[in-house]
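Residue-level structural notes
As a plain string of letters, each chain reads:
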Amino acid sequence: MKPSDPHQELLRRVACAGLCRYYKPNKREDPGCGGVETLKRRPDLAGRLEALPSPNDDALFGLDGDDPRLLAVCEACDFRVDGCDFRDPEVPREDCSPCGGLRAVAGLLSKDPELKL
Ligand code: SF4
């Protein structure tokens with residue numbers, strides 16, 4: 001996917017800049033986290049992504065962090081083993097935050113529990 005891809009730019013704006021506490025404007029990570037990589041394959045969800053709010057918290061839109069659909073996203077994430085506090089069993093959950101990609105997935109699932117990703 002080219003960096004100028006409109007869907008990728010939408011993901012950067014909504015999931016990374018809008019929802020990720022780890023986002024650094026000058027650092028472009030490609031591949032991105034498991035959530036962003038999952039959503040890159042779904043340009044059909046662009047309208048739903050645009051409609052996601054950007055709550056100023058670290059929550060998962062009411063979903064549990066151990067929701068199997070979210071665990072599956074993290075299972076496929078390149079950052080999970082060495083680079084993600086949220087899925088590090090050594091780090092207490094209250095001391096870490098999910099990334100914006102996972103939060104974006106959670107936001108979409110909270111709006112449509114039947115959504116298949
Ligand atoms: S929460 Fe961690 S493991 Fe899950 S998608 Fe984000 S960076 Fe990857």
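In this report, the structure presented in the accompanying data block is examined. (Residues numbered from 1 in each chain as written. Predicted model: local features only at pLDDT ≥ 70, side-chain atom pairs only at ≥ 80, totals over all residues.)

Right, let's talk about the site of the ligand for a bit. Close to the ligand lie 15 residues, the nearest being G34, C74, C77, C84 and C99. Looking at the shell around the ligand, the elements with two or more residues in it are α2 (34-40), α4 (68-75) and α5 (100-111). Grouping the amino acids of the shell around the ligand by side-chain chemistry returns 10 nonpolar, 3 polar and 2 charged. (Near = placed C-beta within 6 Å. Helix = DSSP H or I, 4+ residues; strand = E, 2+ residues; numbered from the N terminus. Nonpolar A, V, L, I, M, F, W, Y, C, P; charged D, E, K, R; others polar.)

For the rest of this paragraph, the subject is the environment of Y22. Turning to its location among the elements, Y22 is positioned in the loop between α1 (6-17) and α2. Classification of Y22 as partly exposed rests on a count of 17 C-beta atoms within 10 Å. Counting along the chain gives 77 residues from Y22 to C99, while the straight-line C-alpha distance between them is 6.8 Å. (Buried ≥ 20, exposed ≤ 12 C-beta atoms within 10 Å, placed from the backbone.)

Okay, α5 next. Counted at 1.5 Å a residue, the expected span for α5 with its 12 residues is 16 Å, and the 16 Å between its end C-alpha atoms agrees. Of all 12 residues in α5, 10 are buried, a share of seventy percent or more. For α5, the complete set of buried residues consists of G100, G101, L102, R103, A104, V105, A106, G107, L108 and L109. The secondary structure elements touched by the buried residues of α5 are α1, α2, α3 (46-50) and α4. (Expected span 1.5 Å × (residues − 1). Contact = placed C-beta atoms within 7 Å.)

Looking at where D44 falls in the secondary structure, it is placed in the loop between α2 and α3. Accessibility expressed as a C-beta count within 10 Å gives 8 for D44, which makes it exposed. When the C-alpha atoms of D44 and D67 are compared, they prove to be 23 Å apart, with 23 residues separating the residues in sequence.

Moving on, we get to the environment of A46. With respect to the helices and strands, the residue A46 is situated in helix α3. C-beta crowding within 10 Å serves as the criterion here: with 15 such atoms nearby, A46 is assigned to the partly exposed category. As a C-alpha pair, A46 and L11 span 35 residues in sequence and 8.5 Å in three-dimensional space. In this structure, A46 is in contact with H7 and L10, ignoring residues within four places of it in sequence.

Next up on the list: the packing of α4 against α5. Look at α4 against α5: their axes get within 10 Å of each other, and the N-to-C directions meet at 150°. With respect to their mutual orientation, α4 and α5 come out roughly antiparallel. Where α4 crosses over α5, the handedness of that crossing is right-handed. Here R69, L70, V73 and C74 of α4 come into contact with α5, specifically with L102, V105, A106 and L109. (Axes fitted to C-alpha atoms, helices over the stretch in contact; angles between N-to-C directions. Parallel < 35°, antiparallel > 145°, perpendicular 65-115°, else oblique. Left-handed = near helix turned anticlockwise from the far one by under 90°.)

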